[in-house]
Amino acid sequence: MSDLTIQRGPVPGGHLLEVRDLRVEFRTRDGVAKVINGVSYHLDPGETLAVLGESGSGKSVTAQAIMGILDTPPAHITGGQILYRGRDLLTMREEERRAVRGKEIAMIFQDALSALNPVFPVGWQIAETLRHREGMSKQDARKRAIELMEMVKIPAARTRVRDYPHQFSGGMRQRVMIAMALAMNPAILIADEPTTALDVTVQAQIMDLLGELRRELDMAMILITHDLGVVADVADRIAVMYAGRIVEHADVHSLYAAPAHPYTKGLLESVPRLDAKGSQLATIRGLPPNLMRIPSGCAFHPRCPYARDICRVTVPPQQVVGEGRTSACHSAKEVLHGSRG
Amino acid sequence: MLRFVVRRLLQMILVFFGTTFIVYWLMFAGSTDPIQALAGERPISDTVRRELTERYHLDEPFLVRYANYMANLLCGDLGEQITGRKVSEILAQAWPYTIKLGLLALAIVAVFGITAGVVAGIRRGGVFDNITLMITLIVIGVPTFVTGFFAQYVLGVKIKLFPVTSTDGTLHSLLLPAIILGALSLATAIRLTRTSVAENLRADYVRTARAKGLARRRVVGVHVLRNSLIPVVTFLGVELGNLMGGAIVTETIFNVPGVGFQLRNAIRLEDGPTVVAIVSILVIIYLLTNLVVDVLYAVLDPRIRYE
Amino acid sequence: MSELQSVAATEVPQEATAADRPRSLAADAWRDLRRNPIFWIALGLVAVLVTMAVVPSLFTSIDPRACDLERSNLPPSAEHWFGTNVQGCDVYARTIYGARASIAVGIFSTLLAGVLALLFGMLGGFFGGWIDAVLSRVLDIVLGIPLLLAAIVFGSSYQPGENMGIWPVVIILGALGWTTAARVVRSSVISAKQQDYVQAARMLGASNLRIMFRHILPNALAPMIVVLTIALGTFIALEATLSFLGAGLREPTLSWGIDISSATTRFQDAPWPLLFPAGFLAVTVLAFIMLGDAVREAFDPRLR
């Protein structure tokens, strides 16, 4: 069994999780969509990495590739590595992969109502992994389920443990999902748009809860979202994705203060500000690209105010623009200096 | 939950009276001479005519006749055949055959239908799936009496695998009729299960279950199946009622002396009272099974339960 | 930084990144249908059968009622392609002419069922309230009798000797078989009623009738047509079953059900008078059901 158990503790000379040059294609009847085109990022213990991007940027697909729950077909992983504690998940056998899934790396999803099984009580679902993967007895698992529900601040957990998902409100359901994901004490939690389906006040509560839990359990977190507002308080670092690539990677303060990529700049500028009442909303002109026909060179060039000739031809490499900051833009330094001041 | 059952019971009573009224009306109101309707084509002497009129209150208006009939029905008096035999006696003898036949057919449908449907649903588009679709289509398309007839001829007469008729009511002799009787339901059950499984396999909660690291066997065998079987089980419940009706054809072909057989004889002999009596009983059974199925549905699907 | 938190985050415009041409459900469905070989086979069969029903003389010149008892139960030959039945009638001719009754029953009972389904479904779904409650009870009552049973009772209650042709059976099947289609219509009416464009039309002063016909009817038609195409096949099969049991069409109407029923007794000596009508019956029912099935699969977005 030693093959399948993974040691905890500091990772000697490496990151906890590292995605290296991941490439994923979706092969459909209508053509091949290049959904992920060379994505690399890393995560260290106790960190929160936010992956920011709009629909179709590939942020969820990357997470599903990490978890190993992509539907193949139509998805095909065509290149790259995903290293967890130094071992490449993509080369593992399925049983080894399953040992990691849910236990070391757990995931929560956007819409808790459809993500939870409607015919089983929530306590049963939370305790399921405890009973079937850790061999706990029914009573012990149930007790632990109640503890977990209390940890995520669901009131009257003792009675509500027998209730069904549709009997909870949206925010409570999301807490149930979080409790379920944390049942086996994972080292990493991937949260895929956890608050998108909730209203603003509930959003804040859930984000606070995630922040607390992360600190208490000393867990690393990947937060996937399209919502700049959600990210600011919780994340340590941000990776911005566009058309299946990481276009900017920075710590959260630097990114908000001075973005180094036109896309990030556009996103930040389009956030409505309370003190800009009366003026027009800024937008990024154009539309996100069709992933079956990604523009040549830099995928963002048709919409970019800084575009030059080289942008049409050459895919921009990741340029280091500061301490622990990269930007995939031919005009990165220009954008960066333009943002400051 | 209790309110739900009570509401459905009340509906059921309403529907019961409505349907039996229609059946009674169809049988008796159409003909201008009710006594002639009772006797079919046989000539009736005056004394018999007077006696029948008195016995069946035939000089009273239609509604009163219906009311009398229903009152008798609910007390268990199903009237008499033209020959004088009590209908309830005939039915009591015939019932066991039909029940055995029906349950056997239902068992075949449940076991093979669900298994085949699950396999087809999991490997949608595969060889098994396409073959099953073709076969089920043919079964649905060819009327039961044709398949029954051919099965009897090929398997009973030519190959002699099964007895040609089942007058003895043993399990072996009822096997072929049960297969034929259940064939249509089987085809529908397979298709229903297949669609339900295929739909549920794409559901979000399956993705969550996989993300929890559960084995595929468990994800499909517990999570998907439990959701997929809800419409199938309710369908099976309703089918039991339908099987009773469909037994008419099967019992006729295979000479099984059950309720359907008696009904067909009654039709041929134009025995009005028997026809109405049998159909009324079958309607009650059908309504009852529907009620049970509705309750079952609430038990199986918690979303319905807490309305 | 705190401003960013306190302000509602903007959503980057979510545009479709998939196909460039907008595609409607109907266009997609037609494309799938075109490629489906089963659709074309079924359509071809239906066309041939309908022609057979309308113009039987195209297929044979023999009179199906020219029966010669001397030539009873002959096997197929050059003169009688399918042989003769127990009364000496040419089986081929009877089979061709029998198509008319069976298909006509199928088509007309489906039309009747469709009209009733539309009526009940639209009135109940659109007006709701007590109208819907009453109509739903009526639906329950009709549903309360299994179709075959009710048809048997009805079919055996009208006196023999009155030959009204196919119409009694048509009325029975249509009047009892509209229930599934009505349910489908009702639920699509209810969901269409809640669409914004219906509210908009109402606010612009459109009358109920206009809303029903212009906006809601098109939505209800598509799923109903799917149900009815399949029902057509089942009605044809039901008619044959009724005739087999003696509660359907009667002589002198020519139908497959009657022929099959009367051929069962001498089957061992002369299988042909049963086999050919049975074969045609099976093919007809199958053709309609396959057609309806193909249409349904093409229109169901969930099965993509």
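Computed from a predicted model, the values in this text were never measured in an experiment.

Engineer: How would you sum up the overall build of chain A? Please name residues and give values.
Structural biologist: A count of helices and strands for chain A gives 13 helices and 12 strands. Taking the principal axes of its C-alpha atoms as reference, chain A extends roughly 65 × 50 × 45 Å. Here chain A holds 341 residues, and 45% of them are scored as buried. At a minimum sequence separation of 6, the contacts of chain A that also span at least 24 residues come to 64%.

Engineer: Give me the overall build of chain C: which residues, what numbers.
Structural biologist: On a plain count of helices and strands, chain C comes out with 12 helices and zero strands. Scanning chain C from its N terminus toward the C terminus, one meets helices and strands in the order α-α-α-α-α-α-α-α-α-α-α-α. Across the 304 residues that make up chain C, the buried fraction comes to 44%. Within chain C, counting contacts between residues at least 6 apart in sequence, those at least 24 apart form 72% of the total.

Engineer: Outline the nonpolar core, listing residues and values.
Structural biologist: Ranked by size, the top nonpolar core spans 153 residues in total, and within it A151 and A181 of chain C carry the most contacts. Broken down by element, this core gets its largest block of residues, 18 residues, from helix α10 (residues 208–245) of chain C. Those residues in contact with A151 of chain C that lie beyond four places of it in its chain are I172, L173, L176, L238, L242 and A247 of chain C. I190, L228, C311 and L336 of chain A belong to the second-largest nonpolar core, a separate cluster that totals 101 residues.

Engineer: Explain the environment of E248 of chain A residue by residue, including any values.
Structural biologist: All names here are of chain A. Mapped onto the secondary structure, E248 falls in strand β10 (residues 245–251). Look at E248 and you get buried, because 28 C-beta atoms sit within 10 Å. The spacing of E248 and Q319 is 71 residues in sequence and 9.3 Å in space, taken between C-alpha atoms. E248 has contacts with V240, P259, A260, H261, T264 and S327, leaving out every residue within four places of it along the chain.

Engineer: Now, about helix α9 (residues 196–203) of chain C: what can you tell me, with residues and values included?
Structural biologist: α9 of chain C sits mainly on the outside: zero of its eight residues count as buried. Backbone geometry just after α9 of chain C places G205 of chain C at a positive phi near 95°.

Engineer: If you had to explain the confidence of the model for chain C to someone new, which residues and values would you point to?
Structural biologist: Residue and element names in this part refer to chain C. On average, residues of chain C score 75 in pLDDT, and 86% of them reach the 70 mark or higher. Confidence, read as mean pLDDT per element, is least for helix α1 (residues 2–6) in chain C (32) and greatest for helix α3 (residues 37–54) (87). Of the regions scoring below 50 in pLDDT, residues 1–22 engages in 42 contacts with residues more than four places distant in sequence or in other chains. In the predicted assembly, ipTM is 0.86 and pTM is 0.78.

Engineer: How would you explain the sheet that holds strand β2 (residues 31–43) of chain A if you had to name every residue and give the values?
Structural biologist: Hydrogen bonds between backbone groups are what pair the strands of a sheet, and the pairing can be parallel or antiparallel. Residues and elements named next belong to chain A. As summarised here, the arrangement of the four strands in space is β2-β1-β4-β5, forming an open sheet in which the pairing is antiparallel. For this open sheet the edge positions go to β2 and β5 (87–88), each flanked by a neighbour on one side alone. In the sheet, strand β1 (residues 17–28) pairs with strand β4 (residues 75–84) via eight bridges, with the strands oriented antiparallel. The partner of R20 across the bridge, within β4, is Q81. Sheet contacts for helix α1 (residues 59–67): β1, β2 and β4; angle to β1, the most-contacted strand, approximately 110°.

Engineer: Please set out the sheet that holds strand β3 (residues 48–52) of chain A residue by residue, giving values where relevant.
Structural biologist: Residues and elements named next belong to chain A. One open sheet accounts for eight strands, arranged β6-β7-β8-β3-β9-β10-β12-β11; its pairing is mixed. Looking at strand neighbours, the two that pair on one side only are β6 (105–108) and β11 (319–322), the edges of this open sheet. Taking the axes of each pair of neighbouring strands and ignoring which way they run, one obtains an average angle of 25° across the sheet. Bridging between strand β7 (residues 188–192) and strand β8 (residues 220–225) involves five bridges; their strand directions are parallel. Pairing of L189 across the sheet is with M221, part of β8. The strands touched by α1 within the sheet are β3, β6, β7, β8 and β9 (237–242), with β7 carrying the most contacts at an inclination of about 145°.

Engineer: An account of the pairing of β1 of chain A is requested, with residue identities and associated values reported.
Structural biologist: All names here are of chain A. Pairing analysis gives 10 bridges linking β1 to β2, with the strands arranged antiparallel. From the neighbouring strand, V19 faces β2, where its bridge partner is Y41. What sits between β1 and β2 in their antiparallel hairpin is a turn of two residues.

Engineer: Would you mind going over the pairing of β4 of chain A in detail, with residue names and values included?
Structural biologist: Residue and element names in this part refer to chain A. Of the pairings in the sheet, the one linking β4 to β5 comprises two bridges and is antiparallel in character. Bridged to L83 within β5 is D88. Between β4 and β5, which follow one another and run antiparallel, lie two residues, and R85 among them has a positive phi close to 50°.

Engineer: An account of the packing of helix α9 (residues 204–211) of chain B against helix α10 (residues 216–254) of chain B is needed here, citing residue identities and associated values.
Structural biologist: Two packed helices can be described by the angle between their axes and the distance between those axes. Residue and element names in this part refer to chain B. Two numbers describe how α9 lies on α10: the axes approach to 11 Å, and their chain directions differ by 145°. Here α9 runs over α10; the crossing is right-handed. Counted together, Y205, V206, A209 and R210 of α9 and V219, H223 and V224 of α10 form the full contact between these two elements. Grouping the amino acids of the contact of α9 with α10 by side-chain chemistry returns five nonpolar, one polar and one charged.

Engineer: Explain the interface of chain C and chain B to me, and be specific about the residues and the numbers.
Structural biologist: Listed as interface residues are 33 residues of chain C and, on the opposing side, 36 residues of chain B. Broken down by secondary-structure element, the contributors of at least two residues to the side of chain C that touches chain B are α5 (129–144), α6 (147–155), α10 and α12 (272–299) of chain C. Ranked by residue count, the leading element in the side of chain C that touches chain B is α12 of chain C, at eight residues. Within the side of chain C that touches chain B, the residues separate by chemical class into 22 nonpolar, seven polar and four charged.

Engineer: Any details on the environment of S279 of chain A? Residues and values, ideally.
Structural biologist: Residues and elements named next belong to chain A. Along the chain, S279 turns up in the loop between α11 (262–269) and α12 (309–313). Accessibility expressed as a C-beta count within 10 Å gives 8 for S279, which makes it exposed. Each C-alpha atom, one on S279 and one on L89, is 50 Å from the other, the two residues being 190 residues apart in sequence.

Engineer: Which residues make up unusual backbone geometry, and what values do they have?
Structural biologist: All names here are of chain A. For R85, which is not a glycine, the phi torsion comes out positive at approximately 50°. Checked against the element boundaries, R85 lands in the loop between β4 and β5. Of note, the phi angle at D218 is positive, near 50°, even though the residue is not glycine. Assignment of secondary structure puts D218 in the loop between α8 (200–217) and β8. Exposure remark for D218: the 10 C-beta atoms within 10 Å place this residue in the exposed category.

Engineer: Go over the environment of R303 of chain B, please, and point to the residues and values.
Structural biologist: Its location among the elements puts R303 of chain B in helix α13 (residues 302–305). The contacts of R303 of chain B, once residues within four sequence positions are left out, are P118 and H166 of chain A.

Engineer: Any details on α1 of chain A? Residues and values, ideally.
Structural biologist: By the criterion of burial, α1 of chain A is predominantly enclosed, with eight of the nine residues buried. Just past α1 of chain A, the residue G68 of chain A takes up positive phi, approximately 80°.

Engineer: A description of the packing of helix α4 (residues 91–127) of chain C against α10 of chain C should follow, citing residues and the corresponding values.
Structural biologist: Where α4 of chain C meets α10 of chain C, the axes come as close as 8 Å, and the angle between the chain directions of the two elements is 145°. The two elements α4 of chain C and α10 of chain C meet at a crossing, and its hand is right-handed.

Conventions we followed
- The residue count restarts for each chain, going from 1 along the sequence in the order it is written.
- As a convention, the first chain written is A and the first ligand written is 1, with the rest following in written order.
- At least 70 in pLDDT is required for a residue's local features to be given in this predicted model, at least 80 for side-chain atom pairs to be given and counted, and no such filter applies to totals for whole chains, interfaces and linings, which use all residues.
- For the purposes of this entry, the term helix denotes a DSSP run of H or I that reaches at least four residues, the term strand denotes a run of E that reaches at least two, and both are numbered from the N terminus.
- Note on burial: count the other C-beta atoms lying within 10 Å of the residue's C-beta; 20 or more is buried, 12 or fewer is exposed, in between is partly exposed, and C-beta positions come from the backbone.
- The contact criterion used here is simple: two residues whose C-beta atoms, placed from the backbone, lie within 7 Å are in contact.
- Working definition: the nonpolar core is a set of buried Ala, Val, Leu, Ile, Met, Phe, Trp, Tyr and Cys residues, joined through C-beta atoms within 7 Å.
- Each residue carries a pLDDT value, the predictor's own confidence for that position, ranging from 0 to 100.
- We call two strands paired when DSSP finds no fewer than two bridges between them.
- Every angle, taken between N-to-C directions, lies between 0 and 180 degrees, and every axis is a line fitted to C-alpha atoms, over only the stretch in contact when it is a helix.
- It is the rotation of the near helix from the far one that decides the hand of a crossing: anticlockwise by less than a right angle makes it left-handed, clockwise makes it right-handed.
- As a working rule, the residues Ala, Val, Leu, Ile, Met, Phe, Trp, Tyr, Cys and Pro are called nonpolar, Asp, Glu, Lys and Arg charged, and the rest polar, with Gly in that last group.

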